[in-house]
Amino acid sequence: MNTWIAIGVTALGCYAVKLAGLLVPAGALEKPLVRRLAALLPVALLAALTAQQTFADGTALVLDARAAGLGAAAVALVLRAPFLLVVAAAVVVTAGVRAMGG
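Everything numeric in this text was worked out from a predicted model, so none of it was measured. (Residues numbered from 1 in each chain as written. Predicted model: local features only at pLDDT ≥ 70, side-chain atom pairs only at ≥ 80, totals over all residues. Heavy atoms only, no water.)

## What about the packing of helix α3 (residues 32-55) against helix α4 (residues 65-78)?
It is at 8 Å that the axes of α3 and α4 come closest, and there the two elements cross at 140°. The angle between α3 and α4 falls in the class oblique. Contacts from Thr50, Gln53, Thr54 and Phe55 of α3 reach α4 at Arg66, Ala67 and Leu70. A breakdown of the residues in the contact of α3 with α4 according to their chemical character gives three nonpolar, three polar and one charged. (Axes fitted to C-alpha atoms, helices over the stretch in contact; angles between N-to-C directions. Helix = DSSP H or I, 4+ residues; strand = E, 2+ residues; numbered from the N terminus. Parallel < 35°, antiparallel > 145°, perpendicular 65-115°, else oblique. Contact = heavy atoms within 4.5 Å. Nonpolar A, V, L, I, M, F, W, Y, C, P; charged D, E, K, R; others polar.)

This is the structure in structure tokens:
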């Protein structure tokens, strides 16, 4: 029963956030600071999520095959590789390091 309460509260919270976003006046959204934050916030959140998923295991900080895969993806991005090649490089390096016992 507690799970359904959590689901209901989460759904209501999502609806409230959506409604709050719709109630913001258009003039407030046109300010340069708000535009800059709206452009940079998704990038910062994605970077934080990537770092958390790569270097954390529960409450411990880890350095394993995922870090090698992220490094390979970063090198591919610096070399301006296409997105699918970046993902493939990360997958291959991560799998290779794990196969070698790393």
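## Describing the side chain of threonine 94
Mapping threonine 94 onto the fold places it in helix α5 (residues 83-99). Assessed through its relative accessible area of 17%, threonine 94 is described here as buried. Leaving out residues up to four positions away in the same chain, threonine 94 has contacts with Ala65, Arg66 and Gly69. (Buried < 20%, exposed > 50% of the residue type's maximum accessible area, 1.4 Å probe, protein only.)

## A closer look at α5
The periodicity of an α-helix, 3.6 residues per turn, causes residues three or four positions apart to be oriented the same way. End to end, α5 covers 24 Å across 17 residues, agreeing with the expected 24 Å (1.5 Å per residue, within 8%). Where α5 is buried, its residues meet α4. Positive phi shows up at glycine 101, right after α5, with a value of about 90°. (Expected span 1.5 Å × (residues − 1).)

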